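# Notes for the structure review
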Amino acid sequence: MSPSDVAGDGRPLRPGQRIPGVGGRTHHGEEFALHDLAGAPSLVMFYPYAFSRVCGTELSAVYAAAGEFERIGARVVAISCDSLHALRAYAQEISGGEGLPFDLVSDFWPHGEIARACGAFDASRGAPTRTSYVLDPQLVIRHVHHVPSDRSRDLQEALAELAGLA
């Protein structure tokens, strides 16, 4: 593997690169690294702020589509710079107290380390960009989806890409 095949230099990631092994803690307080996603197709979603309108709409749609992700054997992880405690409350809000079938990962400290390593950090706002990566089971990026922070991503696009990897 050449250095250009590995992510983490701060530039936006591209298809064909491997996702870096950085990580943080899930909303359950468990250690998590992006390399933990190996072995299954995965969707890595960066989102700017918990409890914001657009992020809430997107993550509620992911929650509602949990059966589709399970059917194709795909994993989902959503990453923001919010604190672990905020993400616990956010998970409760999204799921109506039922619990989420995917992890919210805190990139709170060192602030934005995961997003920076994945080329998905907006330093002027101090928050991740609205960027998603579809990974194959070997952690190679197969699809990148980026939209402005005030717009929602197309979840069906991500599901179609993941289904093609299953």
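Just above sits the structure.
Everything in this summary refers to the structure shown in the same document.

### Re the overall build of the protein
Along its length, the protein carries five helices and nine strands. Starting at the N terminus and walking to the C terminus, you meet the elements of the protein as β-β-β-α-α-β-α-β-α-β-β-β-β-α. In terms of overall size, the protein behaves like a compact globule, its C-alpha atoms giving a radius of gyration of 14 Å where 166 residues would be expected to give roughly 15 Å. Structurally, the protein occupies a C-alpha span of about 45 × 35 × 30 Å along its principal axes. Looking at the protein as a whole, 49% of its 166 residues are labelled buried. Counted over contacts in the protein with a minimum sequence separation of 6, partners at least 24 positions apart contribute 69%. Put simply, the protein shows about 7600 Å² of open surface, and 51% of that area lies on carbon and sulfur atoms.

### Quick word on the sheet that holds strand E4 (residues 75-80)
Sheet architecture is open: seven strands sit in the order E2-E1-E5-E4-E3-E8-E9, paired in mixed fashion. Every other strand in the sheet has two partners, leaving strand E2 (31-33) and strand E9 (141-147) as the edge strands with one partner each. When strand polarity is set aside, the average angle formed by the axes of neighbouring strands in this sheet is 30°. Of the pairings in the sheet, the one linking strand E3 (residues 42-46) to E4 comprises five bridges and is parallel in character. Within E4, the residue paired with phenylalanine 46 across the bridge is isoleucine 79.

Conventions adopted
- Residues numbered from 1 in each chain as written.
- Predicted model: local features only at pLDDT ≥ 70, side-chain atom pairs only at ≥ 80, totals over all residues.
- Heavy atoms only, no water.
- Helix = DSSP H or I, 4+ residues; strand = E, 2+ residues; numbered from the N terminus.
- Rg over C-alpha atoms; globule rule 2.2 N^0.38 Å.
- Buried < 20%, exposed > 50% of the residue type's maximum accessible area, 1.4 Å probe, protein only.
- Contact = heavy atoms within 4.5 Å.
- Areas by Shrake-Rupley, 256 points an atom, 1.4 Å probe, with all protein chains shown as cover.
- Pairing = 2+ DSSP bridges.
- Axes fitted to C-alpha atoms, helices over the stretch in contact; angles between N-to-C directions.

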